[in-house]
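# A look at the structure
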Amino acid sequence: MASTVYGVARRPASCSGCGVNLDAFRPQPELTGPNVILRQLDGSHLDDVLKTVRDPEVRRLTGTHARFTEPLLARWLESRPEQDGRADWAVTHREDGRFLGDLALNDIDADNESAAFRIALAPGAVGRGYGTEATRLVLEFAFETVGLHRVSLEVYDFNSRARRAYEKCGFVAEGVLRDALCWEGKRHHAVVMSVLAPQWRLR
Ligand SMILES: CC(C)(COP(=O)(O)OP(=O)(O)OC[C@H]1O[C@@H](n2cnc3c(N)ncnc32)[C@H](O)[C@@H]1OP(=O)(O)O)[C@@H](O)C(=O)NCCC(=O)NCCS
């Protein structure tokens, strides 16, 4: 929150102001790493995303209670390319182009130079480094091209693989949302993690 002096908003001295380049999202770029390419998520990914959001283990790890009908998900995917304030990518394999999962930078807040991050790999794609690589690509874009200062996420405390992947990308735990998830009769905490541009550059 900006501090105020006699009601006049004042930015903290360390804040460079609105240095965020939202044009970097128009058009949303492809991001290429050694093993994955991140491409605009859209209606062509319906079958793959349906399989992922209906997978019981992915649903548990992401705490997803919602039931997705095919028409609803199709409309949501088709509307991704027109979105302002968020960017959705399909994670694809660099060699054969197969779908590995999807991720997003959402809640992009230009005034505060911040955004949130989420990712869900498809069941067969986990544990091979693709998620860590994709997350690093998005952070590089967020900090070096868009000019964001902070990227944050929430992860359930039982999701050790995700927490480890995020730590490898520079995220640090900054707090706990107690009993944030109720899953099959048990409550679980969510851990809030964030990575800031200056620390990310020092990694
Ligand atoms: C979370 C996710 C993005 C991580 O990506 P990934 O490509 O599967 O992860 P990686 O293969 O890069 O592994 C990351 C680290 O976790 C470790 N790891 C793998 N499986 C693990 C497990 N079951 N428990 C603990 N650590 C594990 C790996 O060894 C690696 O650490 P290391 O390099 O120090 O050995 C991906 O697994 C995923 O999307 N899972 C399904 C949905 C989900 O959990 N989304 C996140 C919700 S917040």
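Residues numbered from 1 in each chain as written. Predicted model: local features only at pLDDT ≥ 70, side-chain atom pairs only at ≥ 80, totals over all residues.

An unreviewed UniProt entry lists the protein under the name GNAT family N-acetyltransferase, from Amycolatopsis acidiphila.

What follows deals with the overall build of the protein. Along the backbone of the protein there are six helices and ten strands. The C-alpha radius of gyration computed for the protein amounts to 18 Å, which stays within 12% of the reference 17 Å derived for 203 residues, consistent with globular compactness. Overall, the protein is about 55 × 40 × 35 Å in size when its C-alpha atoms are taken along their principal axes. Put simply, the protein has 203 residues, and 27% of those count as buried. Pairs at least 24 apart in sequence give 62% of the contacts found in the protein among residues at least 6 apart. (Helix = DSSP H or I, 4+ residues; strand = E, 2+ residues; numbered from the N terminus. Rg over C-alpha atoms; globule rule 2.2 N^0.38 Å. Buried ≥ 20, exposed ≤ 12 C-beta atoms within 10 Å, placed from the backbone. Contact = placed C-beta atoms within 7 Å.)

Let us now look at the sheet that holds strand S7 (residues 114–121). One open sheet holds the eight strands; their spatial order is S3-S4-S5-S6-S7-S8-S10-S9, and the pairing between them is mixed. Of all the strands in the sheet, just strand S3 (31–32) and strand S9 (172–183) have a single pairing partner and so form its edges. Summarising the sheet, S9 and strand S10 (residues 186–196) pair through eight bridges and their orientation is antiparallel. When the sheet's bridge partners are listed, Val176 is paired in S10 with Val191. Along the sheet, helix H4 (residues 130–146) makes contact with S3, strand S4 (36–40), strand S5 (87–93), strand S6 (99–109), S7, strand S8 (150–156) and S10, crossing S7 at roughly 160°. Along the sheet, helix H5 (residues 160–168) contacts S8 and S10; its crossing angle with S8, the most-contacted strand, is approximately 160°. (Pairing = 2+ DSSP bridges. Axes fitted to C-alpha atoms, helices over the stretch in contact; angles between N-to-C directions.)

The pairing of S6 with S7 spans seven bridges and is classified as antiparallel. Opposite Asn106, over in S7, you have Ala116 as the bridge partner. Linkage of S6 to S7, two consecutive antiparallel strands, is achieved through a turn of four residues, within which Glu113 is found at a positive phi near 55°. Relative to S8, S7 runs parallel, the two being bridged by three bridges. What sits directly across from Ser114, in S8, is Arg150. Handedness of the β-α-β unit built from S7, H4 and S8 comes out right-handed. (Right-handed = clockwise from strand over helix to strand, strands pointing away.)

In this structure, Arg54 sits in the loop between helix H1 (46–53) and helix H2 (56–62). We classify Arg54 as partly exposed; it has 13 C-beta atoms within 10 Å. Separated by 118 residues in the primary sequence, Arg54 and Val172 place their C-alpha atoms 30 Å from one another.

What follows covers unusual backbone geometry. Note the cis peptide between Arg26 and Pro27, where omega equals -5°. Tracing the backbone through its elements, the reader meets Pro27 in the loop between strand S2 (8–10) and S3. Even without a glycine there, the phi angle at Asp107 is positive, about 50°. Counting through the fold element by element, Asp107 comes out in strand S6.

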